[in-house]
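Survey of secondary and tertiary structure
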Amino acid sequence: MGGANGATFRGGAGVDHAANGFDPRTLLREFDYGTVSTENGRTVRDWTIRAEDRDIEVAPGVVFPAWTFNGSIPGPTLRATAGDLMRVRFVNDSEHPHTMHFHGIHPADMDGVPMVGRGIISPGEEFTYVFDAEPFGLHLYHCHVGPLAEHIARGMYGTFIVDPPGGRPPADEMIMVQHGYNTTFDGEGNQLYAVNGIPFVYMNDPIQVRRGELVRIYLVNILEYDPINSFHLHGNFFDYYPTGTRLEPSEFTDTVIQAQGQRGICEIRFPYPGKFMFHAHKSEFADLGWMGFFDVVDGAES
Amino acid sequence: MSTTEESRDAEVPRNPDARVDAEGPKSRAGTRTGGSGRVPLWVLVVGLVAVLVAALGGLAAYGGQTLPERLGPPVEELAVERTVIAPGSIELVLRNTGPDPVAVAQVFVNDSYVDFTGADEPIGRLAADTLVLNYPWQDGQPYTVSMLTSTGLVIEHVVDAAVATPEPGFEFLGLMALVGTYVGVLPVLLGMLVLPILRRTSGRVVRVLLALTVGLLAYLALDALLEGLELAALSGGAFGGPVLVFLGAGLAFLALTTIDKVLAGRRPDERDAGSAGMRLAVMIAIGIGLHNLGEGLVIGSAYAVGELALGAALIVGFAAHNTTEGLAIVAPLTTRRPSLWSLVGLGLIAGAPAILGAVIGASVDNAGLSALLFGVGVGAIVQVIIQIVPGLRDRTSGRLLDPATLGGLGAGVVIMYLTGLLVAA
């Protein structure tokens with residue numbers, strides 16, 4: 001790598017995932033369905049999320065003082081089915097005030113913003129957000145304490161998926177959260193861009209998928225300090241479902257753009273084996289870390 | 001209090017005895033100490049040194065701990081001392097000019113991360129290291145190299161226009177020597193050709209020419225000072241930054257004053273105007289030579305980093321600029337008939353340092369060193385100006401500044417400014 005072969009960290013090196021406490025390669029396919037119970041005939045899902053301050057090695061040798069949900073950037077991907085009751089117990093183990101603000105549809109006092117409902121959750125305190133899983137689709141959660149940009153830029157965001165009643169067709173599913181790191185904390189763009197926490201990870205370790213199998217990407221943009229982001233897949237086209245709130249795709253494309261907070265579902269079947277690049281088609285973001293590979297292998301052709 | 005000091009100062013020149021009185025108590029105190037006799041002087045010295053060492057050692061060991069730990073993030077500073085651009089790579093020689101070690105973790109060039117080697121360990125205070133970046137740069141394009149440190153700080157270095165750095169081989173040094181000759185030696189010798197004309201003119205014309213010389217030199221000094229300060233800013237300040245310029249100036253001034261005194265003292269029997277004129281010419285030549293050293297440095301280092309096109313206009317510009325320097329050297333020689341060889345010698349003293357400067361500038365390219373050398377040029381010129389000024393005095397009227405000499409001064413500054421415009425380096 002390097003030179004005319006494209007952007008890379010020094011020597012093609014990667015970070016110490018074990019020391020960071022999370023690995024983008026496993027985060028990719030990790031969905032947290034919570035603790036499931038039934039109350040009055042209704043499915044209830046319980047989670048405990050902790051706000052933690054944590055130093056994360058965001059590039060080899062570069063330490064970023066992050067604020068996190070459950071110690072990872074992005075936080076865990078919560079998953080429920082439309083109509084479930086979601087109960088998220090939020091414990092603030094950080095030294096800073098935080099909230100959890102969920103997108104979706106819910107009462108005002110569950111909105112997780114200062115001065116509304118419970119408002120700010122101070123260090124050492126906790127609060128349980130309770131709301132219905134609706135509408136189905138792909139949604140964000142993030143801290144909503146001021147200064148908002150800093151709380152998001154430090155890493156306080158994650159995704160929750162509400163599956164439609166009856167679910168979607170079976171697929172190899174993965175979550176891709178697009179974001180960046182402003183390591184100089186000057187609020188002027190970012191020095192590093194990543195998907196699922198660490199730049200260039202899927203360049204060094206391509207994502208293995210099977211030829212012909214349906215692949216579903218839950219794609220989210222929570223990039224702070226830059227207005228838009230995009231996703232481009234090489235050599236293939238995908239069906240795109242904006243926000244995932246309809247079951248019919250809006251577009252058959254190889255590139256989508258998303259503003260901060262936008263998200264959608266991409267569905268692909270790779271017809272050819274081999275390595276196919278994906279990256280932000282804001283090429284600057286790609287060269288600063290937001291690019292990777294799919295490695296399409298022969299296997300269970302459907 | 002100021003009144004007392006003023007009156008004492010005023011007394012000293014008027015009455016030499018006052019000085020003795022003023023020093024009286026001090027000398028008496030000295031006598032008393034020496035007169036006590038019981039404790040030998042060396043014991044006192046050793047005792048004092050012991051006390052100083054103990055006190056400073058105690059301060060180092062305990063005093064430092066009384067200060068709280070420094071708050072905030074580490075202070076990370078890196079200065080790029082040299083940039084070498086080769087096919088497919090950019091090499092940076094870095095120096096840590098801050099108080100804390102700096103670990104260069106990653107590097108991006110024009111917003112693209114690059115593979116690189118070097119600086120595997122944190123760079124300590126004042127230590128240097130070299131990064132070699134693997135980057136396909138294009139000829140003439142600007143590049144911003146961003147070094148991302150372990151704490152997430154970004155230190156930027158801008159390459160205004162990438163051009164392959166010339167190999168500092170024999171051929172290249174020969175080229176620099178040639179350029180130094182073109183812009184340094186030849187113009188100065190050309191300027192000295194006006195000597196026969198000067199001899200036929202009146203003392204008044206000579207005084208105007210000397211004033212013109214002062215104007216030229218003052219402009220050169222200011223120019224060199226500004227250039228030196230600009231370079232000092234690039235050096236990152238670890239070795240003193242702007243202080244280097246003034247240090248160089250001060251040392252050069254003192255050294256040249258010493259040389260002048262030695263030259264004057266050696267020939268007490270030849271204290272005629274001619275000898276003094278020759279001495280002044282030598283001093284002017286040395287001052288101009290040190291200035292041309294700085295000029296050579298600029299040419300050499302600019303060429304080395306690809307920021308200079310060695311076109312005919314540039315050579316002509318520098319030559320025109322420097323021809324006036326030859327005039328300055330021969331201005332004090334109108335009452336004397338120096339040999340051809342001594343004239344050539346003067347020309348070489350003034351012009352040859354441009355060759356040396358060009359070679360140093362092209363091969364060293366160190367902003368701190370260059371700032372110091374510019375300072376040396378400034379100090380040399382100031383010393384020469386001080387030497388020339390008494391010669392401006394009109395012996396009949398006793399006035400230092402009459403309209404003619406003032407006109408000469410102004411003309412000197414304007415000539416330097418206008419010929420300087422020819423040199424768009």
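My aim in this report is to walk through the structure given alongside it, one point at a time.

Moving on to the packing of aromatic side chains. Residues and elements named next belong to chain A. Throughout the structure, instances matching the rule amount to 26 aromatic pairs over all chains. Here the aromatic rings of Phe69 and Tyr141 are separated by 5.5 Å at their centres, their planes lie at 65 degrees, and the arrangement is edge-to-face. Here the residue Phe69 occupies a position in strand β3 (residues 62-69), and Tyr141 occupies one in strand β8 (residues 137-142), the gap between them amounting to 72 residues. Of the two residues, Phe69 and Tyr141, neither departs from the other in class, the shared state being buried. Look at Phe102 and Tyr141: their rings are 5.6 Å apart centre to centre, the planes differ by 40 degrees, and that puts the pair in the tilted class. Taken together, the residues span a long stretch of sequence, with Phe102 in strand β6 (residues 101-102) and Tyr141 in strand β8 at a distance of 39 residues. One exposure class covers both Phe102 and Tyr141, and it is buried. Counting every residue linked through ring pairs, the aromatic cluster contains Phe69, Phe90, Phe102, Phe127, Tyr129, Phe131, Tyr141 and Phe160. Taking NZ or CZ as reference, Arg79 lies 4.8 Å from the ring centre of Phe31, over its face. The ring centre of Phe293 lies 4.7 Å from the NZ or CZ of Lys275, which sits over that ring.

Looking now at the packing of helix α6 (residues 203-234) of chain B against helix α12 (residues 367-388) of chain B. Residues and elements named next belong to chain B. Between α6 and α12, the least distance of the axes is 8 Å, while the angle of their chain directions is 160 degrees. Classed by the angle they form, the pair α6 and α12 counts as roughly antiparallel. Every pair of crossing elements has a handedness; the one defined by α6 and α12 is left-handed. Its residues placed into classes, the contact of α6 with α12 shows 19 nonpolar, 3 polar and 1 charged.

Moving on: the sheet that holds strand β1 (residues 78-86) of chain B. Residue and element names in this part refer to chain B. Spatial ordering of the open sheet is given by β1-β2-β5-β4-β3-β6-β7, a layout of 7 strands whose pairing is antiparallel. Two strands close off the open sheet at either side, each with one partner strand: β1 and β7 (154-159). Direction aside, the axes of adjacent strands within the sheet are offset by 30 degrees on average. Note that strand β6 (residues 143-149) and β7 share 6 bridges and pair antiparallel. Counterpart to Leu148 in the pairing with β7 is Val154.

Hydrogen bonds between backbone atoms are what pair the strands of a sheet, whose relative direction is either parallel or antiparallel. Residue and element names in this part refer to chain A. Judged by pairing direction, the sheet is mixed, and its 6 strands sit side by side in the order β11-β10-β13-β18-β15-β16 without closing on themselves. The two strands at the open ends of the sheet, each matched to only one other strand, are β11 (192-195) and β16 (251-253). Ignoring which end each strand starts from, the neighbouring axes of this sheet average 25 degrees apart. Bridge count for strand β13 (residues 214-221) against strand β18 (residues 263-269) is 7 bridges, and the pairing is antiparallel. Bridged to Val220 within β18 is Arg263.

Within the secondary structure, Thr149 of chain B sits in strand β6. Under the relative-accessibility criterion, Thr149 of chain B is labelled buried at 0%. Excluding its chain neighbours within four sequence positions, the residues that come into contact with Thr149 of chain B are Val62 of chain A together with Glu76, Val102, Ala103, Ala105 and Ile155 of chain B.

As a further point, take helix α11 (residues 353-363) of chain B. Where α11 of chain B is concerned, the buried positions are Pro353, Ala354, Gly357, Ala358, Gly361 and Ala362 of chain B. For α11 of chain B, the angular spread of the buried residues around the axis is 160 degrees, confining them to a single face.

Parameters and conventions
- Position labels on residues start from 1 in each chain and follow its written sequence.
- As a convention, the first chain written is A and the first ligand written is 1, with the rest following in written order.
- It should be noted that, the model being predicted, local features are given only for residues of pLDDT at least 70 and side-chain atom pairs only at 80 or more, the latter also being counted only at that level, while totals for whole chains, interfaces and linings use all residues.
- Here the side-chain values reflect all heavy atoms present in the structure, with hydrogen atoms and water set aside.
- Note on ring pairs: Phe, Tyr and Trp rings are taken, using the six-membered ring of Trp, and paired if centres are within 6.5 Å. Classes follow the plane angle, with under 30 degrees stacked, over 60 edge-to-face and the rest tilted.
- In this description a helix means any DSSP run of H or I spanning at least four residues, a strand means any run of E spanning at least two, and both kinds are numbered starting from the N terminus.
- Only protein chains enter the accessibility calculation, which uses a 1.4 Å probe; a residue is then buried when its area is under 20% of its type maximum, exposed when over 50%, and partly exposed in between.
- Consider the ring centre and the ring normal. A charge sits over the ring if Lys NZ or Arg CZ is within 6 Å of that centre and within 35 degrees of that normal.
- Axis lines are fitted through C-alpha atoms, for helices just across the contact stretch, and the angle between N-to-C directions can take any value from 0 to 180 degrees.
- Should an angle fall under 35 degrees it is taken as roughly parallel, and over 145 as roughly antiparallel, whereas 65 to 115 is taken as roughly perpendicular and any remaining angle as oblique.
- Working rule for handedness: look at the near helix, and if it is turned counterclockwise from the far one by less than a right angle, call the crossing left-handed; if clockwise, right-handed.
- Each residue gets one label: Ala, Val, Leu, Ile, Met, Phe, Trp, Tyr, Cys and Pro are nonpolar, Asp, Glu, Lys and Arg are charged, and the others, such as Gly, are polar.
- Strand pairing is defined by DSSP finding a minimum of two bridges between the two strands.
- Throughout, a residue-residue contact means that at least one pair of heavy atoms, one from each residue, lies within 4.5 Å.
- Our arc is simply the arc of the directions from the helix axis toward the C-beta atoms.

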